[in-house]
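Structural overview for review
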Amino acid sequence: SKGDEGMLRGCLNVLMGATDIIVLNSEHFPLWSDTLDEKPRLFKEQAGPFSEFHDAFTRNDILILLGADVIDGTCGLEPSRQRVDLMKAALAAEVKVHVFCSFRSNVDPTIVVQLKQMQRVNFYLRDLHSLNRFKDQTRLEAEYFPDFFIFCEKKETSLCRSVRQTLTEAKIAGKTLVGLN
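Source: prediction; values computed, not measured.

What about the environment of S130?
Position of S130 among the secondary structure elements: in helix 5 (residues 128-138). For the pair S130 and Y144, spaced 14 residues apart in the sequence, the C-alpha separation amounts to 8.7 Å.

Take a look at the structure:
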């Protein structure tokens, strides 16, 4: 999604040059490296089922799960379970785990039970509603952290200028603007 793309771009901007970055992708298509099309590449990408990476962790690694709906089952229980299993594998290898996400109001109890067992994971919720829902359902500590997209590089394009001009003209003409997500 565009939201996840913004979060990934922002995170890459924060981490750029600090360490080697490997993006794990459970799918072979589309790849983040194709979507972001960064020159030079800021990261390496490895695609395949997350279970293939369980034994690849070393103590010096850090696992960052990043995305709006990465662990709460919003985009399907199985993808969330696979990420939770990846977190377990990382913890077993004594890897630090950080999760940046949102959290819905009725997360599947099987996921909640597993999360409750992950006291060493650092959870960062992207909005205050998610933070409260996460704490209410898991009873785990977590922090509020707005999306990484705020760290995205600002790119002024002709499309941006055109959209801004159109919105400005509509506002001046007294038209009502409605934005939908």
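Some thoughts on the pattern of salt bridges
Applying the stated criterion across every chain yields a total of 5 salt bridges. A salt bridge links R9 to E5; the nearest nitrogen and oxygen atoms lie 3.0 Å apart. Linking R9 with E5, this pair stays in helix 1 (residues 2-15), spanning 4 residues, or about one helical turn. The partner of R81 in a salt bridge is D108, and the shortest N-O contact between them spans 3.9 Å.

A short note on the packing of aromatic side chains
Considering all chains together, one arrives at 8 aromatic pairs under this definition. On the numbers, 5.3 Å between centres and 70° between planes, the contact of F100 with F145 is edge-to-face. On the criterion of sequence distance, the pair formed by F100 in strand 4 (residues 96-101) and F145 in the loop between strand 6 (143-144) and helix 6 (158-172) is long-range, its members being 45 residues apart. Residue class for F100 comes out buried when judged on its relative accessible area of 11%.

Topic: unusual backbone geometry
Note: most peptide bonds trans; most residues except glycine with negative phi. The omega angle of the peptide bond from F29 to P30 is -5°, so this bond is cis rather than trans. Mapped onto the elements of the fold, P30 is located in the loop between strand 1 (22-25) and helix 2 (32-36). Even without a glycine there, the phi angle at E94 is positive, about 65°. As for its position among the elements, E94 is in the loop between helix 3 (77-92) and strand 4. Not every positive phi belongs to a glycine, and R139 is a case in point at roughly 65°. Following the sequence through the fold, R139 ends up in the loop between helix 5 and strand 6.

Thresholds applied
Residues numbered from 1 in each chain as written. Predicted model: local features only at pLDDT ≥ 70, side-chain atom pairs only at ≥ 80, totals over all residues. Heavy atoms only, no water. Helix = DSSP H or I, 4+ residues; strand = E, 2+ residues; numbered from the N terminus. Salt bridge = Lys/Arg side-chain N within 4 Å of Asp/Glu carboxyl O. Phe/Tyr/Trp six-rings, centres within 6.5 Å; stacked < 30°, edge-to-face > 60°. Buried < 20%, exposed > 50% of the residue type's maximum accessible area, 1.4 Å probe, protein only.

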